[in-house]
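Here is how the chains run, residue by residue.
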Amino acid sequence: NRVFVDNNLGGIALNQGRLDDALLYYHRALRALEQIGGSLWVMGVLTLNLGAAYVKRDESSLGFEYLERARDLFAQAKSRDLLPELHRRLAEAHQAQSELVAAQREAETSLALAEELAMLGEQGLTRRELGKIAAQVGRTDDAERELQHAIHILTEVGDNYGRACAQLSLAEVCSHASDAARRAQLLGECMPVFERLGATLEMARAQTLLSIS
């Protein structure tokens, strides 16, 4: 029970940008699981979450280490249900290191798996990642299309945090395109979600966009 509570607390801390706390919870859960000889699948979940936290903390080398360990654990457990998220997190890690070809490849793998497994929410999150990658390489039209698709899907599945993150990414694309009115509309929709959830990192990005005249 403590393992699952710590994993949930880690997820909340991760979304709120309290990355040190997220790592503390995830590591504590993993240590407890190792002591009781827990399942390979749950160990893979915790290792995947640690990888995601390290990537968000700009420690991509550690992120890759944990994500690859999670891949091995899921293979041993013969489980595929978290592979879409695993490849999406790998895409995030590659993007953080400006390895955009690899990031694109991992995101496309994630999307293909999510479609195969009929995981609509994961499809939305991966399309958000594809939009971010397209924006980083200057393919503004592709970025806008993927992010709009992500917003539609994430709204449909009720993922308010994911939808708000996609809206923020689209607002950043609009910033580059000097579309002030649309940028303001998107920020007006996503900022209340970040404020309610205490998502400090995303709120800081949104406030930076607000300061653009």
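About the criteria used
Residues numbered from 1 in each chain as written. Predicted model: local features only at pLDDT ≥ 70, side-chain atom pairs only at ≥ 80, totals over all residues. Heavy atoms only, no water. Axes fitted to C-alpha atoms, helices over the stretch in contact; angles between N-to-C directions. Helix = DSSP H or I, 4+ residues; strand = E, 2+ residues; numbered from the N terminus. Parallel < 35°, antiparallel > 145°, perpendicular 65-115°, else oblique. Left-handed = near helix turned anticlockwise from the far one by under 90°. Contact = heavy atoms within 4.5 Å. Nonpolar A, V, L, I, M, F, W, Y, C, P; charged D, E, K, R; others polar. Expected span 1.5 Å × (residues − 1). Buried < 20%, exposed > 50% of the residue type's maximum accessible area, 1.4 Å probe, protein only.

Enquirer: Can you walk me through the packing of helix H5 (residues 83-96) against helix H6 (residues 100-116) in this structure?
Expert: Two packed helices can be described by the angle between their axes and the distance between those axes. Closest axis-to-axis distance for the H5/H6 pair is 8 Å, and the angle between their directions is 165 degrees. By the angle class used here, H5 and H6 are roughly antiparallel. Between H5 and H6 lies a crossing of left-handed hand. When H5 is examined against H6, the residues Leu-83, Pro-84, His-87, Arg-88, Leu-90, Ala-91, His-94 and Gln-95 are found in contact with a partner set consisting of Leu-100, Ala-102, Ala-103, Glu-106, Ala-107, Thr-109, Ser-110, Leu-113 and Ala-114. By residue class, the composition of the contact of H5 with H6 is 10 nonpolar, 5 polar and 2 charged.

Enquirer: I would appreciate a short explanation of helix H4 (residues 60-77) in the present structure.
Expert: The α-helix advances 3.6 residues per turn, and as a result positions three or four apart in sequence lie on the same side. Here H4 contains 18 residues, and its C-alpha end-to-end distance of 25 Å stays within 8% of the 26 Å for a straight helix at 1.5 Å per residue. Residues Ser-60, Gly-63, Phe-64, Tyr-66, Leu-67, Ala-70, Leu-73 and Phe-74 constitute the buried set of H4. Positive phi shows up at Lys-78, right after H4, with a value of about 55 degrees.

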